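Single-letter residue listing:
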Amino acid sequence: MKILRDLEPGGSAWLSWDKETVVGAQNGSFMISVQTPPTLEELGRQVLLRNEALAISALEKLPWTLLPALFKDAFNGGHTRIVKALVTAWPFPCLPVGTLMKTPNLEIFQAVLDGVDMHLKREFHSGEQFQVLDLRNVHHEFWNIWTGREDGACSAETVNERSVVKDLPRYALRWRHLKVVTDLYLRLHLNEEQTCFLQWVQQRKDFLQLHCINMKIWTVPICTVKEILSVFHPGRIEELELNTGWDVSTLARFAPCLGQMRSLRKFSLARICRNTFGTGTRTADREERCISKVIAQFSKLHCLQHLSMNGIFFLKDHMKQILWCLRNPLATLSITRLHLSQSDLNYFPLSHNLRQLKHLVLRGILLFASCLKPLGVLLEHVAESLQSLDLQGCRIQDSQLTDLFPALSKCSKLTEFNLLDNDFSMPTLKDLLGHTANLTKMNVEQYPAPIQCYDDYGYILVERFAQHCLELIDTLRSLRQPKRILFSTDPCHECGERCVYDLGPRLCPCQR
Ligand SMILES: [Zn+2]
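Residues numbered from 1 in each chain as written. Predicted model: local features only at pLDDT ≥ 70, side-chain atom pairs only at ≥ 80, totals over all residues. Heavy atoms only, no water.

Tell me about the pairing of strand 10 (residues 332–336), and please be specific about residues and values.
Burial analysis of strand 10 places five of its five residues in the buried class, which makes it a mostly covered element. Alternating positions in strand 10 separate into two faces, Thr332, Ser334 and Thr336 on one and Leu333 and Ile335 on the other, with burial throughout. As paired strands, strand 9 (residues 306–310) and strand 10 are joined by five bridges and run parallel to one another. Among the inter-strand pairings, methionine 309 is bridged to a residue of strand 10, identified as isoleucine 335. With helix 13 (residues 319–325) bridging strand 9 and the parallel strand 10, this β-α-β connection has right-handed handedness. Across five bridges, the pairing between strand 10 and strand 11 (residues 359–363) is parallel. Note that in strand 11 the partner of serine 334 across the bridge is valine 361. Handedness of the crossover joining strand 10 and strand 11 through helix 14 (residues 342–347): right-handed. (Buried < 20%, exposed > 50% of the residue type's maximum accessible area, 1.4 Å probe, protein only. Helix = DSSP H or I, 4+ residues; strand = E, 2+ residues; numbered from the N terminus. Pairing = 2+ DSSP bridges. Right-handed = clockwise from strand over helix to strand, strands pointing away.)

Have a look at this one:
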């Protein structure tokens, strides 16, 4: 009865009460499997996919609303000839095929590109050309709208009927522009699909509009990157991740391309090493010139909002220069795994482009010898906007943390806070938690286990760990209700795992 009640009125599910559908009977209750029979449309598509010649010849006469579902099935089933024919006849303004490319399949991808070529060579009618080929693997409503459709209200119109529009003069065809939108993730070597695609666009770049929105470059030689950027104009890239292992001299050769990225909103730079000039010519001046050339490009990135730099050696003593060059207030500043000088820190609160920060990450930057007062002033400036603060692994100590207390207590929008791998005593942690009473939006907060939880050799004292963490959580609960709070030790000397206290102690394997 329950099953019958749950069936939607007019739905296509059916219930057949025979031996096959009763798949289990345990503890006096039946488990029923409900089969959904294929709809007429689905059966029609199956017939077409089994008979490619029939499918291709029938395309022009098919209601155009059926084409997306047929395309999806043909694409997923690897029916290259049907895919090619469908792209050739594609009647919608956009073909968001990237959403369907879950696993690499060179044949089917080649069929799409061949179909685009055929589409461009057809006897054109202005109403039936598509304008955008979207190769990004991003959610696209198109397929949900057209393949989830149940009523056939518009389906009586066929491709041919839609084509009855004024023909364009043949010469106008030269001016037709198809926009190709893609993301490119290049790692070590180009894969077969990327090679095929880049050759294809290279030959057609004069009459295609090529947009690469998100580019990730991992360990790719600069000549390959430059070649790609000669096809995909840097001015259209919105997100760039450079993780190349280049030295700063190579990065300086890339700098003019970076400077052209006027639409760049998000820039992530990692793994840049010192120059490896020959010993005879190696000079600090030369390296400094390369660094200045790279930093100067930041003044051209007028849209930049999110800046992330991981282990970039030249940031030390250059933060002022970089922050001074920025032309747009940052929402995210993430600097990890490097040293910052006191003068770098001193400039943070002076930069107007850091006054709207939502996310500040200074992870793995050793600050135990620094004065944190400038960081406190910066937190005062961003108290109204800051949503996440990550100071993991900075090895901050008791006396320094108190410089952050007044500002921290005002960061009422904070939802994530990470202070792991710092060295605080029990009284300082209690004091810290006392200053977080107003941070009621906090979703996740992570604190280091107090230093009293370790013995003289840095080994964890399990009972004390559990006792202190419980006491700290109780302290916080008397002020506000934390959603997710955890205390964590440094990684264990033996196994590398941490002991964590959240709902109770979770110990590393050697302490269990
Ligand atoms: Zn362990």
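Moving on from the model shown.
If you had to explain helix 12 (residues 284–296) to someone new, which residues and values would you point to?
Over its 13 residues, helix 12 runs 18 Å from end to end, which matches the ideal 18 Å to within 8%, given 1.5 Å per residue. Among all positions in helix 12, only Glu287, Cys290, Ile291, Val294 and Ile295 are buried. The buried side chains of helix 12 occupy one side of the element, clustering within an arc of 130° when seen end-on. Projecting away from the buried face of helix 12 at angles above 90 degrees are the exposed residues Asp285 and Arg289. In this structure, the buried residues of helix 12 make contact with helix 11 (248–259) and helix 13. (Expected span 1.5 Å × (residues − 1). Arc of directions from axis to C-beta. Contact = heavy atoms within 4.5 Å.)

Go over the nonpolar core, please, and point to the residues and values.
Soluble, globular proteins show a tendency: their nonpolar side chains are buried together. Phe71, Leu240, Phe254, Phe314 and Phe348 are the most contacted members of the largest nonpolar core, which has 148 residues in total. Aside from chain neighbours lying at most four places away, what touches phenylalanine 314 is Val248, Leu251, Leu269, Ile272, Ile291, Val294 and Ile295. (Core = buried A, V, L, I, M, F, W, Y, C linked by side-chain atoms within 4.5 Å.)

Kindly report on the side chain of aspartate 247, identifying the contributing residues and their values.
Relative to the assigned elements, aspartate 247 resides in the loop between strand 7 (239–243) and helix 11. Within polar-contact distance, the side chain of aspartate 247 engages the side chain of threonine 250 at 2.7 Å. (Polar contact = N/O pair within 3.5 Å; in protein donor to acceptor, adjacent residues only side chain to side chain.)

Please set out the coordination of the zinc ion residue by residue, giving values where relevant.
Ligation of the zinc ion by protein atoms is provided by Cys492 (SG), Cys495 (SG), Cys508 (SG) and Cys510 (SG), these donors lying 2.1 to 2.4 Å from the ion. Note that the zinc ion binds four donor atoms; their angles at the metal cover 106 to 115°, and the shape is tetrahedral. Sequence positions of the donors to the zinc ion reduce to the motif C-x2-C-x12-C-x1-C. Taken together, the positions of cysteine 495 in the loop between strand 15 (484–488) and strand 16 (500–501) and cysteine 510 in the segment after strand 17 (505–506) put the pair 15 residues apart, joining distant regions of the chain. Look at cysteine 495 and you get partly exposed, because its relative accessible area is 32%. (Donors = N, O, S within 2.8 Å, 3.2 Å for Na, K, Ca; no water. Tetrahedral: all angles 85-135°; square planar, octahedral: opposite > 155°, others 65-115°.)

How would you summarise the pattern of salt bridges if you had to cite specific residues and measurements?
All told, the structure shown has 18 salt bridges when counted by the stated rule. Between aspartate 117 and arginine 204 there is a salt bridge, with the nearest N and O atoms lying 2.8 Å from each other. One end of the pair, aspartate 117, is in helix 6 (residues 106–121); the other, arginine 204, is in helix 9 (residues 192–204), and 87 residues separate them in sequence. A residue is classified by how much of its surface remains accessible, and aspartate 117, at 13% relative accessible area, is buried. Residue aspartate 390 is joined to arginine 363 by a salt bridge in which the shortest nitrogen-to-oxygen separation is 2.8 Å. With aspartate 390 in strand 12 (residues 388–390) and arginine 363 in strand 11, this residue pair connects regions lying 27 residues apart in the sequence. Among the charged side chains, a salt-bridge network with shared partners connects Glu41, Arg45 and Asp73. (Salt bridge = Lys/Arg side-chain N within 4 Å of Asp/Glu carboxyl O.)

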